[in-house]
Amino acid sequence: MSAPTLTSATDSFVGSFTAEAFARHLAALSSSPAWWLERRRAAYETFASLPLPRRTDESWRFSNVAALTLEGFQVEPAVPAGLFLASPFGPAHLAFVNNQLVAPPSLPREAIERGVVVTTLAEAALTHPDLLRGHFMAQPQKLGSAKYAALHSAFVSDGAFIYIPRGVELATPILVTHAAAGPDAAVFPHTLVIAEENAKATVVDFFVSADASTHFACGANDLYAGHGAQLTYIAAQNWSGTSRSFQFNSTVVRRDARVQSLNLHLGGRQARHESLSQLQAPGAFSEMLALTVADGTQEFDQRTLQIHQAPNTKSDLLYKNALRDQARTIFSGLIVVDPDAQKTDAYQSNRNLMLSEEAEASSLPGLEIQANDVRCTHGATSSRIDPEQEFYLLSRGIGKTAADEMLTFGFFEEVLNRLASDPLHDVLRGLIQTQFKK
Amino acid sequence: MKTSNDSETVIAPAEEAAANPTINPVSGIDQSSGNFRYDMEYAFDAGTGLSENTVRYISGVKKEAPWILEFRLKALKTFLSKPMPTHWATKDLENINFDKIRYYLSQGQKPKRTWDEVPDDIKKTFERLGIPEQERKFLAGVEAQFDSEAAYSNIKDLVSKQGVIFVNSTEGLREHPEIFKKFFGKVIPTGDNKFSALNSAVFSGGSFIYVPPGVKVAQPLQAYFRINAENFGQFERTLIIADEGAEVTYMEGCTAPKFSTSTLHSAVVELVALKGAKIQYITVQNWSANVFNLVTKRGIAHEMAHIKWIDCNIGSRLTMKYPGVVLKGRKARGEVISIALANDGQHQDTGAKMIHAADETTSNIVAKSISVGQGRSTYRGLVHIPKHLKGCKNNTECDALLINTNSRTDTYPAITVRGDRNSVQHEASVSKVNEEMIFYMQQRGLTEGQAMSLAVNGFINDLARQFPMEYSVELKRLIDLEMEGSVG
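The structure displayed is predicted, hence computed values, not measured ones.

Cut-offs applied
In this numbering scheme, every chain counts its residues from 1 along its sequence in written order. Chains and ligands are labelled sequentially in the order written, the chains with letters from A and the ligands with numbers from 1. In keeping with the predicted nature of the model, local features appear solely for residues at pLDDT of at least 70, side-chain atom pairs appear and are counted solely at 80 or more, and the whole-chain, interface and lining totals rest on all residues. In this description a helix means any DSSP run of H or I spanning at least four residues, a strand means any run of E spanning at least two, and both kinds are numbered starting from the N terminus. The exposure label follows from counting other C-beta atoms within 10 Å of a residue's C-beta, where the C-beta atoms are placed from the backbone and the thresholds are 20 or more for buried and 12 or fewer for exposed, leaving partly exposed in between. Whether two residues are in contact depends on their C-beta atoms, placed from the backbone: they are in contact if these lie within 7 Å. Following the grouping adopted for this structure description, the nonpolar residues are Ala, Val, Leu, Ile, Met, Phe, Trp, Tyr, Cys and Pro, the charged ones are Asp, Glu, Lys and Arg, and the polar ones are all others, Gly among them. The predictor attaches a confidence to each residue, and that confidence, scored 0 to 100, is pLDDT. Here a strand pair is declared whenever DSSP counts at least two bridges between the two strands. The start and end points of each domain follow an automatic or database-based domain assignment. Here, axes are lines fitted to C-alpha atoms. For helices the fit covers the stretch in contact, and angles between N-to-C directions go from 0 to 180 degrees. For any helix crossing, the convention is left-handed if the near helix is rotated counterclockwise from the far helix by under a right angle, and right-handed if that rotation is clockwise.

**Remarks on unusual backbone geometry**
Both trends apply: most residues other than glycine have a negative phi, and most peptide bonds are in trans. Even without glycine at this site, Phe62 of chain A takes up a positive phi of about 75°. Counting through the fold element by element, Phe62 of chain A comes out in the loop between helix H3 (34-49) and strand E1 (94-97).

**Topic: the environment of Ser266 of chain B**
All names here are of chain B. Summarising the element assignment, Ser266 is placed in the loop between strand E6 (264-265) and strand E7 (268-273). Given 23 C-beta atoms within a 10 Å radius, Ser266 is considered buried. A sequence separation of 123 residues divides Ser266 from Leu389, and the C-alpha atoms of the two residues are 34 Å apart. In contact with Ser266, not counting residues within four places along its chain, are Phe195, Leu198, Asn199, Gln234, Phe235, Leu294 and Val295.

**Topic: the interface of chain B and chain A**
Chain B puts 33 residues into the contact, and the matching count from chain A is 35 residues. Element by element, the count of residues in the side of chain B that touches chain A is highest for strand E18 (residues 408-418) of chain B, at 11 residues. A breakdown of the residues in the side of chain B that touches chain A according to their chemical character gives 11 nonpolar, 14 polar and 8 charged.

**Thoughts on the confidence of the model for chain B**
All names here are of chain B. With 75% of its residues at a pLDDT of 70 or more, chain B shows a mean pLDDT of 80. Throughout residues 1-43 the model reports pLDDT below 50, and contacts reaching past four residues in sequence, or to other chains, amount to 103 contacts. Predicted confidence for residues 107-112 stays below pLDDT 50, and this span has 25 contacts to residues more than four positions away or in other chains. Among the prediction metrics, the complex's ipTM stands at 0.83, with pTM recorded as 0.86.

**Describing the pairing of strand E7 (residues 190-195) of chain A**
All names here are of chain A. A large share of E7 lies buried, amounting to 6 of its 6 residues. Burial of E7 is two-sided: the residues His190, Leu192 and Ile194 facing one way and the residues Thr191, Val193 and Ala195 facing the other way are all buried. Bridge count for strand E4 (residues 160-164) against E7 is 5 bridges, and the pairing is parallel. Note on E7: the bridge partner recorded for Ile164 is Ala195. Where E7 lies against strand E9 (residues 216-225), 6 bridges are found, and the strand directions are parallel. Residue pairing across strands places Thr191 opposite Asn221, the latter belonging to E9.

**What to know about the domain arrangement of chain B**
Residues and elements named next belong to chain B. Domain boundaries in chain B define domain 1 (16-118), domain 2 (149-436) and domain 3 (437-488). Just the C-alpha atoms count here: the centres of domain 2 and domain 3 sit 25 Å apart. Of the residues lining the interface, 23 residues belong to domain 2; the matching set on domain 3 comes to 20 residues. If you list the elements that add at least two residues to the side of domain 2 that touches domain 3, you get strand E8 (278-285), strand E10 (306-313), strand E13 (333-342), strand E15 (362-371) and helix H11 (435-443). The residue inventory of the side of domain 2 that touches domain 3, partitioned by class, reads 15 nonpolar, 5 polar and 3 charged.

**Thoughts on the domain arrangement of chain A**
Residues and elements named next belong to chain A. Per the domain assignment, the segments of chain A are domain 1 (6-281) and domain 2 (385-438). In this structure, domain 1 and domain 2 have C-alpha centres spaced 31 Å apart. Contact with domain 1, which involves 9 residues of that partner, is made by 8 residues of domain 2. Only strand E10 (230-238) and strand E12 (258-265) provide two or more residues apiece to the side of domain 1 that touches domain 2. Tallied by class, the residues present in the side of domain 1 that touches domain 2 amount to 8 nonpolar, 1 polar and no charged.

**Considerations on the pairing of strand E2 (residues 207-211) of chain B**
Residues and elements named next belong to chain B. Summarising burial for E2: 5 of the 5 residues are buried, a large majority. Of the two faces of E2, the one lined by Ser207, Ile209 and Val211 and the one lined by Phe208 and Tyr210 are each fully buried. One ladder, built from 4 bridges, connects strand E1 (residues 165-168) with E2; its direction is antiparallel. Looking at the pairing, Ile165 lines up with Tyr210 of E2. As judged from the 4 bridges shared by E2 and strand E4 (residues 237-242), these two strands associate in the parallel manner. From the neighbouring strand, Val211 faces E4, where its bridge partner is Ala242.

**Focus on the packing of helix H9 (residues 400-416) of chain A against helix H10 (residues 422-437) of chain A**
Residues and elements named next belong to chain A. Packing of H9 against H10 leaves a shortest axis separation of 11 Å and a crossing angle of 145°. In the packing of H9 onto H10, the handedness of the crossing is right-handed. From H9, Glu405, Phe412 and Leu416 reach across to H10, where they touch His425, Leu428, Arg429, Ile432 and Phe436. Of the residues belonging to the contact of H9 with H10, the class tally is 5 nonpolar, 1 polar and 2 charged.

Dropping the structure here:
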């Protein structure tokens, strides 16, 4: 057996994201502060040194790791001129195409007057360096994608920076769009949200492919809710059907704060989503919701971690997947209760609706509990539409297709009903319906 | 004393951990204190450590057919080539020193100790459990032989009238190869995991049972009866075949603390339930707190067959055991009922595997665990329903009870379902003993310890009732014992 040469081994680890490509990328970021450039260099080293996920890695169990590749992507795709992107959520306050801001940030006067900051990461590096430094990719990667997270940290060039000052409550959601355009474009979307003490806001991320070509998305979002803050975060993902996507969510919840996040997964050939919630102080509450419509040969791989680090904290996770055709979904969740986190109340539930004979759902709901005065439960189910409910609808003269559709939407409504905002609820329902009718 | 070359009871040096389960478990490996004495007769001793010579020695002593030696040698290679599964299992496995283990001791090298050398708390436990005097000495390792030969012969005579074969592994493979060779190592292939490979290389002891078509064995067959023959081995091998429509219940272990002195116990148990057959396999494991108990148990259920594992783990330092059922025939049914109790220094890593491989197969898993002090209990489960099957159902419930503030529990199920014609549900909960309940009982004059013990017994009551009566009574007493000193 001949040993592979060093170059070829390295090539397979980094794919299109070579040291040369990274050097070009850095050269274009001359205005970036020194600390950030240094972090990028360190991140690139981490990325290049870590191996690709292997079949035997517990954190990649059931994933089709053989299909993961870093080859053949445009590291710095050009931004097509005159591209207009309509978002179902409405006009975006920040819109990025291929990692670049395509229109100046627009923000309601109300927000500007009260000190809300909605800008790019690049701008924030100059105006709010300490906040950026303290919160940008600051949390540990515990869910298996350290390599891809490092890739993101190395290559991210811009993204959304949202800061809600102490006590400010925003009535309307802040909308961000991240788009990929052109063949083989690689994008690194990032959204950073900092809600200070008792602030209240809703942020919506919309991820979309501008065309049907294959894209590579490697994004992250950092959410920070200070004491008593209330943050709602919605992310809807609709990459093209041949794209590959990785998304890393980190949520930090401080004393008496509450974060509600809802992820809608529709697009991509293979999409992995990792979500980490850290409940750091008493009274913290994280509600983690997700909806997935999987069809064709799509694979959705969702990994979650709820860490209760302080007493009297609460988390509630509900992930629902509807599977059609030969689609596959993986849900792997873990609740960790640290030794002193007494009075923890944690819940984790994964429901899979099987709509075809060949769909495959895997569930790995896990618990690691090191405190005794807790209430922790989890559940996972995989089954088809309830035949009794279907029969009832059929007996009322509703056709089978329509009946199944009604029951499927009913399945999702439980999650959508957790949202306080009706307009957002309607947009998300619309996106799901479009997916079913395409 | 009846002696034959192929029977052995492996009892190696004693450890302090057994006497005092609260000490650091790693130091429990120390074999210097309270050692048994060995008679020096090297001709019948494979010595410590594992090599091809050890395997050849064991096979030679047992006068085995060449194919069995081949099987063992191949297994040894597999064992050596396989890595420790520490990428998912506990790192504690790395503390096993394979070179210091005695893989085979034949009759005559039995370690001995006097009753005075048996630690007081073990004696006290025997007292509390009401173990007969004769058995106590055997269980404490004072007498390597407990004369239950008569009882064993009786049951063997009784069932042989029905055509049942009930022998040890050596005898099974030597006297009845036409029956056992076909299924031996087929349910659990040698390479299934590192420890099934180890067992395949050095197995001795265990029971080989064949129940002819339509025969329903009225009384449970117990390894207990066969203690003095060979069953106390570290590497026992059990194969039970229930032919079409047959029914049999098998019990292994006993609730008394086995004062074992060997640190590694690695058994392989294979069950084959042919069409319409029913096998119930009951285990009560209570090894002393220095034993690594790494066991592979699996059954194949053919059409309409039913396999039920009732598994109770109270002893050992680390147990890793996930009884499984491969549901191979239409309408087959698999069940696992599991109780685990982990006290200080113990890790009960138990669970179940259900592999559905035919239409309309059903499986049910109910697991309850109790963690006391710094004990850690883990549920690990696998449910697999592949493509193109229909009408398969699985139900899994795991409940964990945490007694002290620093107790620990983990749950790691893995469930894969394909298609829309099957249904799976999994539920797990973690809780502590209800304070109001304890308060109420204390109001009625119970001590906190008694109240706690009652609450814990209540937690597992519905499962404990599925055990044979004498076992469930002992189980209750044992929980009383374990709960003492766990509160306050």
